[in-house]
Amino acid sequence: MQLTAEQFPDATLITVLESRIDAASAIAFKDTMRDLSEDGPERVILDLANVDFVDSSGLGAIVAAMKLLGPERRLELAALSPTVEKVFRLTRMDSVFTIHASASEAVGVQKLAS
Amino acid sequence: MQLTAEQFPDATLITVLESRIDAASAIAFKDTMRDLSEDGPERVILDLANVDFVDSSGLGAIVAAMKLLGPERRLELAALSPTVEKVFRLTRMDSVFTIHASASEAVGVQKLAS
Amino acid sequence: MRLTLASDPFEVRAALQLLRTEMTVLNLSDDAVARVEIIMAEILNNVVEHACRNRPDCRIDIEMARTRADLRIKVVDDGGTMPHGKLPARKTAALSASPETLPEGGFGWSLIRDLAHDLTYARRNGQNQLTFALVLD
Amino acid sequence: MRLTLASDPFEVRAALQLLRTEMTVLNLSDDAVARVEIIMAEILNNVVEHACRNRPDCRIDIEMARTRADLRIKVVDDGGTMPHGKLPARKTAALSASPETLPEGGFGWSLIRDLAHDLTYARRNGQNQLTFALVLD
Ligand SMILES: Nc1ncnc2c1ncn2[C@@H]1O[C@H](COP(=O)(O)OP(=O)(O)O)[C@@H](O)[C@H]1O
Ligand SMILES: Nc1ncnc2c1ncn2[C@@H]1O[C@H](COP(=O)(O)OP(=O)(O)O)[C@@H](O)[C@H]1O
């Protein structure tokens, strides 16, 4: 699973470079997320701009990645495609995650706040 | 079958607006070609720029359209896609038709000659 | 048009891509394409993970037919029977306030039920047969 | 992955589009995709026009498997037997000088023979089985 991480003062920005987080890639996604977010700032932003599709296994893996951060840190999402947004909405996971329109907005919001 | 015809001094330029000339459309293609090329100048140029694919039925229909012009007139082709060009080459029909890189070249050549 | 695939997550991926192409041929809206992809991903993943688990020769058949008002899809597989021989009951999981207890699975059937119409299940000739319709907009 | 279609020119069109998607998934070159599309168009058109003619329930099955060096394709149909129970002989039609006598048909098998490797035909269980391979570059 191809993910890249970029450090900002108050957040780690993790970008998914593949087009799907699905049953075929969910475990690899979760493992890579664990490695990339092990230490670092409180906020982790997951940029999904390249992701067209997330199935329930992928959704479960995103939830698992959030739990791995522990109670002191949080996972936020950015740039959901219409299909991905639909999956989050139908499962009501859109109420669990803070969702940003884009990664730059997510990082920018942080800049203003810091 | 969507075809358009444009009159030039010494040629009729017929443009295929669909992406395939195949078993499903060969008869309609031949009928429309007959209507569009019934009268007019000696040269008829068939612009295939929008056509991705021609199967053997489509090839047969192009040959039939050429024969319908009779011995005094000729059908020339323009803008063959790599796949279409391959079909013409393999069946050696590339030696039967004058083939131009583009419709504008086909019309331009004519302008120089006239 | 019918599509047959082996029970494997990468076959599921390829099948979903073929279904998208098929839906483009059928001229469906982006939203209908998205709904079918979500439903079919969940149905096929369930078959691979639950019904066909431990059955190496398990095959899955997908048939799609478009009428004017809807798209009808039938999925037949050689896998084991659904628990209790019927569709799982609808669960309305209360979303807990604390992230630590959020579910990491079990979203599959709720997505299918949210999006599919006229969902039916039957066990016939040692196969599971699932049918549903998608209302076109 | 296997694809089943009814004997109809528009089903052939849709099937060819699905095969293109499948080949994209398999990561084939544009040239290989073009060769497969040409061969498969001719094989499927022949089945629709000759083998399945007058058989409304005729079904056509396509199976594709990729190895490292080639792509192997099998086409099975419920249609009538091939003339003389075997593949038509290769014809090398001399291109006549005068356009009036040019052939308008009969290109199908020559295209298949030019592009397909290891072409085999068998009649089994009331079905035609055609197999061929495409060498990948
Ligand atoms: N096709 C099937 N065959 C057999 N059992 C199934 C099938 N689909 C679902 N199940 C059962 O239903 C349960 C819930 O499925 P689902 O909502 O998709 O959640 P998940 O697959 O994420 O666990 C599965 O754990 C399994 O026991
Ligand atoms: N699948 C088939 N089943 C039965 N007959 C076939 C089949 N394919 C080809 N034929 C026979 O071979 C002949 C030549 O086919 P082909 O080269 O494709 O030319 P065309 O289809 O353009 O006439 C057909 O006219 C038909 O008699």
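All figures in this text were calculated on a predicted structure; none of them were measured in a lab.

**Student:** Go over the site of ligand 2 with me, naming the residues and quoting the values.
**Tutor:** All names here are of chain D. Lining the immediate environment of ligand 2, one finds Asn46, His50, Ala51, Met82, Pro83, Gly105, Gly106, Gly108 and Trp109. Note that an oxygen atom of ligand 2 is positioned 3.5 Å from one of the backbone N or O atoms of glycine 108. Considering ligand 2 on its own, with 550 Å² of exposed area, one finds that the protein chains cover 74% of that surface. Elements supplying a minimum of two residues to the shell around ligand 2: α2 (30-51) and α3 (108-115).

**Student:** Before we move on, could you go through unusual backbone geometry and cite the residues and values that matter?
**Tutor:** Non-glycine residue alanine 79 of chain A carries a positive phi angle of around 60°. If you trace the backbone, alanine 79 of chain A turns up in the loop between β6 (74-78) and α3 (82-90). Although it is not a glycine, histidine 84 of chain D sits at a positive phi angle of roughly 60°. Summarising the element assignment, histidine 84 of chain D is placed in the loop between β3 (70-77) and α3. Judged by its relative accessible area of 78%, histidine 84 of chain D falls in the exposed class.

**Student:** Run through the pairing of strand β4 (residues 43-47) of chain A, naming residues and quoting values.
**Tutor:** Residue and element names in this part refer to chain A. Where burial is concerned, most of β4 is hidden: five out of the five residues are buried. Residues Arg43, Ile45 and Asp47 of β4 are buried on one face, and the alternating residues Val44 and Leu46, pointing to the opposite face, are buried as well. As judged from the five bridges shared by strand β2 (residues 11-16) and β4, these two strands associate in the parallel manner. Counterpart to alanine 11 in the pairing with β4 is arginine 43.

**Student:** Which residues make up the sheet that holds strand β3 (residues 70-77) of chain C, and what values go with them?
**Tutor:** Strands pair in a sheet through their backbones, by hydrogen bonds, and they do so in one of two ways: parallel or antiparallel. Spatial ordering of the open sheet is given by β4(C)-β5(C)-β3(C)-β2(C)-β1(C)-β1(D)-β2(D)-β3(D)-β5(D)-β4(D), a layout of 10 strands whose pairing is antiparallel. Where the open sheet ends on each side, the last strands, each with one partner, are β4 (117-124) of chain C together with β4 (117-124) of chain D. Within this sheet the neighbouring strands show an average axis-to-axis angle of 15°, counted without direction. Bridge count between strand β1 (residues 2-6) of chain D and strand β2 (residues 59-66) of chain D: five bridges; the pairing is antiparallel. Across the sheet, the residue bridging to threonine 4 of chain D is aspartate 61 of chain D, located in β2 of chain D.

**Student:** Hey, could you go over the packing of helix α1 (residues 9-25) of chain C against helix α1 (residues 9-25) of chain D for me, with residue numbers and the actual values?
**Tutor:** Contact geometry for α1 of chain C and α1 of chain D: axes closest at 9 Å, N-to-C directions at 145°. Once α1 of chain C is placed against α1 of chain D, the crossing between them reads as right-handed. Contact residues: α1 of chain C offers Ala14, Gln17, Leu18, Thr21, Glu22 and Val25 of chain C, while α1 of chain D offers Ala14, Gln17, Leu18, Thr21, Glu22 and Val25 of chain D. Residues belonging to the contact of α1 of chain C with α1 of chain D are distributed by class as follows: six nonpolar, four polar and two charged.

The rules behind the values
Residues numbered from 1 in each chain as written. Chains lettered and ligands numbered in written order. Predicted model: local features only at pLDDT ≥ 70, side-chain atom pairs only at ≥ 80, totals over all residues. Heavy atoms only, no water. Near = heavy atom within 4 Å. Polar contact = N/O pair within 3.5 Å; in protein donor to acceptor, adjacent residues only side chain to side chain. Areas by Shrake-Rupley, 256 points an atom, 1.4 Å probe, with all protein chains shown as cover. Helix = DSSP H or I, 4+ residues; strand = E, 2+ residues; numbered from the N terminus. Buried < 20%, exposed > 50% of the residue type's maximum accessible area, 1.4 Å probe, protein only. Pairing = 2+ DSSP bridges. Axes fitted to C-alpha atoms, helices over the stretch in contact; angles between N-to-C directions. Left-handed = near helix turned anticlockwise from the far one by under 90°. Contact = heavy atoms within 4.5 Å. Nonpolar A, V, L, I, M, F, W, Y, C, P; charged D, E, K, R; others polar.

Just geometry here; none of it tells us what the structure is for.
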